[in-house]
Amino acid sequence: CGCRHCPYGHAEVPEEQRLALKQDPWLEIYGTTEGPCDVLSWSGGKDSFLALVALAKAGIRDVVLLTTFDGRSGQVAHQEVHIDEIRAQADALSVNLLLTPLYPETDYLTRVTTAITLLSTKRPICRVAFGDLHLEHVRAWRTDHLGPPLEALDLELHFPLWRVPYAELERSFFASGATATLSAVSDDELAGQCAVGDRFTPEWLNTLPARVDRFGENGEFHTLVHPPTRPWRELGDGPVDSAQP
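Residues numbered from 1 in each chain as written. Predicted model: local features only at pLDDT ≥ 70, side-chain atom pairs only at ≥ 80, totals over all residues. Heavy atoms only, no water.

**Focus: the overall build of the protein chain**
For the protein chain, the helix and strand inventory stands at eight helices and 10 strands. Relative to the globule expectation of 18 Å for 245 residues, the C-alpha radius of gyration of the protein chain, 18 Å, shows essentially globular dimensions. Dimensions of the protein chain along its principal axes, counting C-alpha atoms only, are 50 × 45 × 35 Å. Across the protein chain, every contact between residues at least 6 apart in sequence was considered, and the portion connecting residues at least 24 apart equals 71%. Of the roughly 11400 Å² of accessible surface on the protein chain, a fraction of 51% belongs to carbon and sulfur atoms. (Helix = DSSP H or I, 4+ residues; strand = E, 2+ residues; numbered from the N terminus. Rg over C-alpha atoms; globule rule 2.2 N^0.38 Å. Contact = heavy atoms within 4.5 Å. Areas by Shrake-Rupley, 256 points an atom, 1.4 Å probe, with all protein chains shown as cover.)

**Section: the side chain of Gln 89**
Mapped onto the elements, Gln 89 comes out in helix α3 (residues 83–93). Reaching out from Gln 89, the side chain makes a polar contact with the side chain of Trp 42 at a distance of 2.9 Å. A polar contact of 2.7 Å, which involves the side chain of Gln 89, links it to the backbone oxygen of Val 225. Once residues within four sequence positions are removed from consideration, Gln 89 is found in contact with Trp 42, Gly 44, Leu 224, Val 225 and Pro 227. (Polar contact = N/O pair within 3.5 Å; in protein donor to acceptor, adjacent residues only side chain to side chain.)

**Section: the sheet that holds strand β7 (residues 125–129)**
In space, the six strands of this open sheet follow the order β1-β6-β3-β2-β7-β8, with mixed pairing throughout. The open sheet is flanked by β1 (26–28) and β8 (156–158), the only strands paired with a single partner. Taking each pair of neighbouring strands and ignoring which way they run, the sheet shows an average axis angle of 30 degrees. As paired strands, strand β3 (residues 62–70) and strand β6 (residues 96–102) are joined by seven bridges and run parallel to one another. Within β6, the position partnered with Asp 70 by the bridge is Leu 102. (Pairing = 2+ DSSP bridges. Axes fitted to C-alpha atoms, helices over the stretch in contact; angles between N-to-C directions.)

**Focus: the layout of surface pockets**
The calculated volume of the largest pocket comes to roughly 960 Å³. Taken together, 37 residues make up the lining of the largest pocket; nearest its centre are Ser 43, Ala 77, His 78, Gln 79 and Arg 142. Counting residues per element, the lining of the largest pocket draws most heavily on β3, which supplies five residues. (1 Å grid on protein atoms, 1.4 Å probe; cavity = no way out; pocket = protein on both sides within 12 Å on 5 of 7 lines; lining within 4 Å. Points joined across faces, edges and corners; volume = space filled by probe spheres on them.)

**What to know about the environment of Gln 79**
Tracing the backbone through its elements, the reader meets Gln 79 in the loop between β4 (75–76) and β5 (81–82). Distance in space between the C-alpha atoms of Gln 79 and Thr 121 is 30 Å, their sequence separation being 42 residues. Leaving out residues up to four positions away in the same chain, Gln 79 has contacts with Ser 43, Gly 45, Ser 183, Ala 184, His 222 and Thr 223.

**Observations concerning the pattern of salt bridges**
One side chain can pair with another of opposite charge once the charged atoms of both are near each other. Under the defined criterion, the tally for this structure stands at 15 salt bridges. The salt bridge partner of Arg 61 is Asp 38, with a shortest N-O separation of 2.8 Å. With Arg 61 in the loop between α2 (46–58) and β3 and Asp 38 in strand β2 (residues 37–41), this pair connects stretches of sequence that are 23 residues apart. Take Asp 38: its relative accessible area is 2%, and that puts it in the buried class. One salt bridge in this structure joins Glu 189 and Arg 211, with 2.8 Å as the shortest N-O distance. Highlighted residues: Glu 189 in helix α7 (residues 188–191) and Arg 211 in the loop between α8 (202–205) and β10 (221–226), separated in sequence by 22 residues. Residue Glu 189 is classed as partly exposed on the basis of its relative accessible area of 44%. Judged by its relative accessible area of 49%, Arg 211 falls in the partly exposed class. (Salt bridge = Lys/Arg side-chain N within 4 Å of Asp/Glu carboxyl O. Buried < 20%, exposed > 50% of the residue type's maximum accessible area, 1.4 Å probe, protein only.)

Dropping the structure here:
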């Protein structure tokens with residue numbers, strides 16, 4: 001019927017009608033629904049995947065992925081991937097997905113807080129995690145702007161990959177059984193030597209110009225991860241996340 005609070009993402013609403021709606025966030029079930037959980041911001045790229053690996057290695061509690069996307073197109077910003085590809089990742093990993101549509105007239109923080117509040121009515125939440133690596137201004141923005149509304153919900157921010165050396169991140173990614181391809185290339189010089197669809201491999205990394213961050217942290221490129229088809233809890237082979245519950 002196209003009601004705003006549809007828990008199924010308006011799957012049966014005709015597309016032309018669905019595009020005119022401003023959907024509330026909704027939860028899609030691919031894994032367990034029992035017990036407390038952490039929420040992980042999920043773009044579908046290598047950084048968020050590595051954060052999931054870190055959480056799996058820590059083995060503290062269940063994880064729910066939160067993906068924000070353009071509510072009109074279904075595209076994840078910057079990554080240039082569609083939420084159907086995000087759904088396929090969640091299905092392969094047997095991990096639940098909190099889909100959060102964004103619109104020009106809506107505030108990001110409000111939408112994310114709405115999504116987390118929705119999930120909190122279904123199960124306890126402990127932390128909200130991000131796959132930030134080393135950009136101080138990005139972490140500071142999350143702390144300053146997202147920290148207060150999360151604190152009001154008695155939640156804390158968590159950065160399981162913060163300042164982890166790139167060599168360790170690369171070993172962790174390539175040992176996980178996942179692969180990745182470029183989903184977007186924003187750097188003009190880089191676009192001259194690679195293209196969307198190229199595989200993210202050790203060999204490819206070694207062809208990057210010296211000025212390009214090896215993980216594209218300055219927006220030079222973005223990736224889409226093709227995860228192994230096994231439960232996310234089985235990812236990784238040793239602890240890298242030393243944070244306590």
